[in-house]
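The primary structure of each chain is shown beneath.
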Amino acid sequence: MINKVTAEVTAEVTIMVPPPRPQALTYLVVCPGFHPPALTDRAIAQLALPPSIQPIIIPTDRYLPCDPLGIDRHLRHYFASPSRPGHVPHPSRNLRDPRDPRDPGDPRNSIRPRLSFLGFSAGTVGALGAAWLWRDRARVEAIILCDGWGVPVLPVWAQETRGETGRGTRRGAEWGTNPVIYRMSHDRWTHETWSRLGIATPSFIATPEVEHLTLWSQPDRVWGKAVDATGQVIGRGVSVDGEAGDLGDLGDLGETCTMSAAAYIHQCLRAGAAAV
């Protein structure tokens, strides 16, 4: 008779869990207007940007807010300096983004910084122009224009889209240079007259109205409503890009769907980053 012996062996298995992938870093190019720099410093402080967003404040004592070429020069210097945060090496096929299926031999297919632009007043001219200059050198995610009355938003981004489109018609597959453009106005009159200049965009309207500089310097204290490109108020449970999502911290405001200007800017930045 053969005795069958069953042996239970307990093995200690160590499962190696890879660390979470770090969130992509977005550089927020802040283009102030003609006003004291302290107002911009307060605005950035009140925005309380997360670590995934690095602000680059354009020094208006060196460059005019409405000068896209000056802003472009500052960004080139910023990214070219190894001693500064966000140093981007010279484009090389060896630095190509592995997720990019395009031709690795093209030097433009290198790792490109993610940029969003936030302009105020005269700075909206500089923000729009600089974003256009960087459309092939960066992944432009969002352009937020605050009180840029009289500055038209031309449909140049849509015209630049080539080939198949990605999510809707907003982003082209060629270079990803078709960001969503947002307007923010300190009162309804500014919104209604400004929105007629160029293409319609998602917008924020301060309600009740505030002073021009207050919209910029106190985004945490300015409240208003978000509207889509057709002028319809965005309700609860809908994000600024018109899809299901969180509108941010709305507070206990019933059905008014009021949000702070700071919360709206955060929503714009999140929507832009998700669309790239």
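Going by the structure above, here's the rest.
Note that the structure is a prediction, hence the values are computed from the model and not measured.

Analysis parameters
Residues numbered from 1 in each chain as written. Predicted model: local features only at pLDDT ≥ 70, side-chain atom pairs only at ≥ 80, totals over all residues. Heavy atoms only, no water. Core = buried A, V, L, I, M, F, W, Y, C linked by side-chain atoms within 4.5 Å. Buried < 20%, exposed > 50% of the residue type's maximum accessible area, 1.4 Å probe, protein only. Helix = DSSP H or I, 4+ residues; strand = E, 2+ residues; numbered from the N terminus. Disulfide = S-S within 2.5 Å. Phe/Tyr/Trp six-rings, centres within 6.5 Å; stacked < 30°, edge-to-face > 60°. Lys NZ or Arg CZ within 6 Å of the ring centre and 35° of its normal. Pairing = 2+ DSSP bridges. Salt bridge = Lys/Arg side-chain N within 4 Å of Asp/Glu carboxyl O. Axes fitted to C-alpha atoms, helices over the stretch in contact; angles between N-to-C directions. Arc of directions from axis to C-beta. Contact = heavy atoms within 4.5 Å.

### Focus on the nonpolar core
For soluble globular proteins, the rule of thumb is that nonpolar side chains tend to be buried together. Formed by 30 residues in total, the largest nonpolar core has its most connected members in L118, I144, C146, Y182, M184, F204 and Y264. Per-element accounting of this core gives the leading share, eight residues, to helix α7 (residues 261-275). If you look at the next biggest cluster of nonpolar residues, it comprises 25 residues, including W134, V140, I143 and V151.

### Overview of the state of the cysteines
This model, assessed by the stated rule, comprises zero disulfides. For the unlinked cysteine C146, the closest cysteine sulfur is that of C268, found at 8.9 Å. In this structure C146 comes out as buried when scored by relative accessible area, which is 2%. Residue C268 is classed as buried on the basis of its relative accessible area, which comes to 0%.

### Concerning the packing of aromatic side chains
In the structure shown here, the tally under the stated rule is eight aromatic pairs. Geometrically, the ring pair formed by Y27 and Y78 is edge-to-face, given 6.5 Å between the ring centres and 70° between the ring planes. Highlighted residues: Y27 in strand β1 (residues 26-31) and Y78 in helix α2 (residues 68-80), separated in sequence by 51 residues. Residue classification places Y27 among the buried positions, given a relative accessible area of 7%. Seen from their ring centres, Y27 and F79 are 5.1 Å apart, and the 85° between their planes marks the pair as edge-to-face. Remark: F79 occurs in helix α2 and Y27 occurs in strand β1; sequence separation between them is 52 residues. Each residue in the set Y27, Y78, F79 and W134 is aromatic and connected to the rest through ring pairs, giving one cluster. Its guanidinium or amino end placed over the ring of W132, R135 lies 3.8 Å from that ring's centre, counting from NZ or CZ.

### A short note on the pairing of strand β5 (residues 180-185)
Most of β5 sits out of view: six of its six residues are buried. Here β5 shows no split at all, with V180, Y182 and M184 on one side and I181, R183 and S185 on the other all buried. Relative to β5, strand β4 (residues 139-146) is paired through five bridges, and the arrangement is parallel. Along β5, the bridge assignment pairs C146 with M184. Here three bridges tie β5 to strand β6 (residues 203-206), and the two strands are oriented parallel to one another.

### Details of the pattern of salt bridges
Inspection of the entire model under this criterion finds five salt bridges. A salt bridge links R137 to D72; the shortest N-O distance between them is 3.1 Å. One end of the pair, R137, is in the loop between α3 (123-133) and β4; the other, D72, is in helix α2, and 65 residues separate them in sequence. By relative accessible area, R137 is classed as partly exposed at 27%. Judged by relative accessible area, D72 falls into the buried class, the value being 9%. Measuring nitrogen to oxygen at the nearest pair gives 3.8 Å for the salt bridge that ties R188 to E192. On the criterion of helical spacing, the pair formed by R188 and E192 is a turn pair, its members being four residues apart in helix α5 (residues 188-194).

### Let's talk about the sheet that holds β1
Strand order across the open sheet formed by eight strands is β2-β1-β3-β4-β5-β6-β7-β8, with mixed pairing between neighbours. Edge positions in the sheet fall to β2 (53-57) and β8 (258-260), since each has one partner strand and no second. This sheet shows a mean twist of 25° between the axes of neighbouring strands, independent of strand direction. For β1 and β2, the ladder comprises five bridges, and the chain directions are parallel.

### Quick notes on unusual backbone geometry
A negative phi angle characterises most non-glycine residues, just as the trans form characterises most peptide bonds. That bond from T207 to P208 is cis: its omega, 5°, falls within 30 degrees of zero. As for its placement among the helices and strands, P208 is situated in the loop between β6 and α6 (212-217). Here the phi dihedral of A48 falls at roughly 50°; this positive angle occurs in a residue that is not glycine. Tracing the sequence through the fold places A48 in the loop between α1 (37-47) and β2. In the Ramachandran plot, S121 falls in the positive-phi region, its phi being about 55° despite a non-glycine side chain. Position of S121 relative to the elements: it lies in the loop between β3 (114-120) and α3.

### Some words on α1
Owing to its 3.6 residues per turn, the α-helix brings residues three or four apart onto one side. Here α1 has its buried residues at T40, A43, I44 and L47. Buried positions in α1, seen along its axis, are confined to an arc of 95° and lie on one side of it. The exposed set on the far side of α1, more than 90 degrees from its buried face, consists of A38 and A45. Those residues of α1 that are buried are in contact with β1, β2, β3, α6 and α7. Count one or two residues on from α1 and you reach A48, which has phi positive near 50°.

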